[in-house]
Amino acid sequence: MEEFKYLIPEESIDAIITNVEKLREIENHLRHVFSNHGYNEVLMPSFEYVDLYTKLDCGFTVDKMFQYINHEGKNVAMRLDFTIPLARLYANSANVGEARYSYFGKVYRKETMHKGRSSEFFQGGVELMNKPGLQGDKEVMTMIQESLPGISLKNILLELGSAKFYNRLLELVGNQRNELEDILRLRDISEMKRFVSKNDFGDSLNQLLLSLPTCFGNIDLLHQMMKTCQDSVLLGALQELNDLYESLESKEGIIFDLGMVPTMKYYTGFMIKGYSDQSANPILSGGRYDDLLPRFNVEKTAVGFCFHMNHILKAIEKEGE
Ligand SMILES: N[C@@H](Cc1c[nH]c[nH+]1)C(=O)O
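Residues numbered from 1 in each chain as written. Predicted model: local features only at pLDDT ≥ 70, side-chain atom pairs only at ≥ 80, totals over all residues. Heavy atoms only, no water.

1. A look at the environment of phenylalanine 104
For phenylalanine 104, the position within the fold is in strand S5 (residues 99-108). As for phenylalanine 104 and asparagine 281, which are separated by 177 residues in sequence, their C-alpha atoms are 19 Å apart. With residues near it in sequence (within four places) discarded, phenylalanine 104 still touches Glu27, Leu30, Arg31, Phe34, Glu41, Phe82, Phe122, Gln123, Gly124 and Met309. (Helix = DSSP H or I, 4+ residues; strand = E, 2+ residues; numbered from the N terminus. Contact = heavy atoms within 4.5 Å.)

Shown next as structure tokens:
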């Protein structure tokens, strides 16, 4: 009868984060790193038109959104992502030179299977507008590396992938792209074997595809792939990853994952995911997304990343056990 006192909606959990003191400690550390690099913190709105997320071909679908119809009769969603609204902010600003934004706050994403999982994700990140190529990528990577010591996790692995590489692969397999995406997402070795023998893309591409589900390793792996890769676009993408790696002062904990599937459809260049050995979910993610600002009619490039605070705090908790 008084169920409301005990039950929690399936989209929710009892408390999103209980160790808020730790959250604030990490947040302040990150705030410090970001502002030292000249990033201005912006407090973004919680509500956006659904169209902002769906009509730019960024891969967001309405089933992921918490939405309602406002008094104008328009569909409004709770913030699903910081990167897209910040791209709009930049595109609408008078200054379209170099710009640096940082942010802290929640995004709201519906889970397909709720069961004890929250739909609210606390992020802290940055977006760097109009610093193209290696210089921009390096700035972001350096900030990630500088941030890591302050997040209290011992073993962090930084995985680098490339959306340019991935998108070219999809182009090369033509009509079979959806199938390839599924196989790579699941890293399914036997499905990949079946896929390759069914389609036969020629020796070189066949061999490359077969290697992808398990294609992670250190810089030697990248060099080996560069030797065998024959397609100039694929090779160019690998060369970019190599240049980024070489430009970094510290190479600690960096590995390559050439089968990495973009979590966001807007990525166009390098992609990064950070993992703690205590968390199955990434504690940070990001990458270059040069095609997003042009969709707001501003021919400028962008790159950024965010920390996933919920996953960081979970991993810290586990590490303490
Ligand atoms: N918005 C991305 C992270 C990112 C920031 N900038 C670029 N990528 C995410 O939620 O995963």
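And the narrative resumes.
2. Overview of the site of the ligand
Surveying the vicinity of the ligand reveals 16 residues, the closest of which are Asp81, Thr83, Glu127, Tyr266 and Tyr267. Arginine 109 places a polar side-chain atom, nitrogen or oxygen, 3.0 Å from an oxygen atom of the ligand. With respect to the ligand, the side chain of glutamine 123 contributes an N or O atom lying 3.0 Å from an oxygen atom. Among the elements of the structure, strand S6 (120-129), strand S11 (284-288) and strand S12 (302-308) are those that each provide at least two residues to the shell around the ligand. Considering every element that reaches the shell around the ligand, the biggest residue donor is S12, with four residues. (Near = heavy atom within 4 Å. Polar contact = N/O pair within 3.5 Å; in protein donor to acceptor, adjacent residues only side chain to side chain.)

3. Remarks on the layout of surface pockets
Empty space within the second largest pocket amounts to approximately 370 Å³. Along the walls of the second largest pocket sit 16 residues, with Gln145, Glu146, Leu148, Ser250 and Glu252 positioned nearest its centre. Ranked by the residues each element gives to the lining of the second largest pocket, the list is headed by helix H4 (residues 133-147), at four residues. For the lining of the second largest pocket, the residue count by class is six nonpolar, five polar and five charged. (1 Å grid on protein atoms, 1.4 Å probe; cavity = no way out; pocket = protein on both sides within 12 Å on 5 of 7 lines; lining within 4 Å. Points joined across faces, edges and corners; volume = space filled by probe spheres on them. Nonpolar A, V, L, I, M, F, W, Y, C, P; charged D, E, K, R; others polar.)

4. Some words on the pattern of salt bridges
Taken as a whole and assessed by the stated rule, the structure comprises 23 salt bridges. For arginine 168, the salt bridge is made with glutamate 171, and the minimal N-O distance between the two is 2.6 Å. In this pair, arginine 168 and glutamate 171 both sit in helix H5 (residues 163-172), three residues apart, roughly one turn of the helix. A network of salt bridges, in which partner residues are shared, links Arg24, Glu27, Arg31 and Glu41. (Salt bridge = Lys/Arg side-chain N within 4 Å of Asp/Glu carboxyl O.)

5. Remarks on helix H10 (residues 232-247)
The terminal C-alpha atoms of H10, which comprises 16 residues, lie 22 Å apart, in line with the 22 Å expected from a rise of 1.5 Å per residue. Taken together, the buried positions of H10 are occupied by Leu234, Ala237, Leu238, Leu241, Asn242, Leu244, Tyr245 and Ser247. Where H10 begins, the side chain of aspartate 231 points an oxygen toward the backbone nitrogen of valine 233, at a separation of 3.1 Å. (Expected span 1.5 Å × (residues − 1). Buried < 20%, exposed > 50% of the residue type's maximum accessible area, 1.4 Å probe, protein only.)

6. Re the pairing of strand S10 (residues 270-276)
Most of S10 is tucked away: seven of the seven residues are buried. With burial as the criterion, each face of S10 is covered, one bearing Phe270, Ile272, Gly274 and Ser276 and the other bearing Met271, Lys273 and Tyr275. Pairing geometry for strand S7 (residues 156-162) and S10, over seven bridges, is antiparallel. From the neighbouring strand, serine 162 faces S10, where its bridge partner is phenylalanine 270. (Pairing = 2+ DSSP bridges.)

7. Observations regarding the packing of H5 against helix H8 (residues 203-211)
H8 packs onto H5 with a crossing angle of 130° between their chain directions and a minimal axis gap of 12 Å. Classified by the angle between their axes, H5 and H8 sit oblique to one another. Every pair of crossing elements has a handedness; the one defined by H5 and H8 is left-handed. Facing H5, whose interface residues are Phe165, Leu169 and Leu172, H8 presents Leu205, Leu208 and Leu209. When the residues that make up the contact of H5 with H8 are grouped by side-chain class, the tally is six nonpolar, no polar and no charged. (Axes fitted to C-alpha atoms, helices over the stretch in contact; angles between N-to-C directions. Parallel < 35°, antiparallel > 145°, perpendicular 65-115°, else oblique. Left-handed = near helix turned anticlockwise from the far one by under 90°.)

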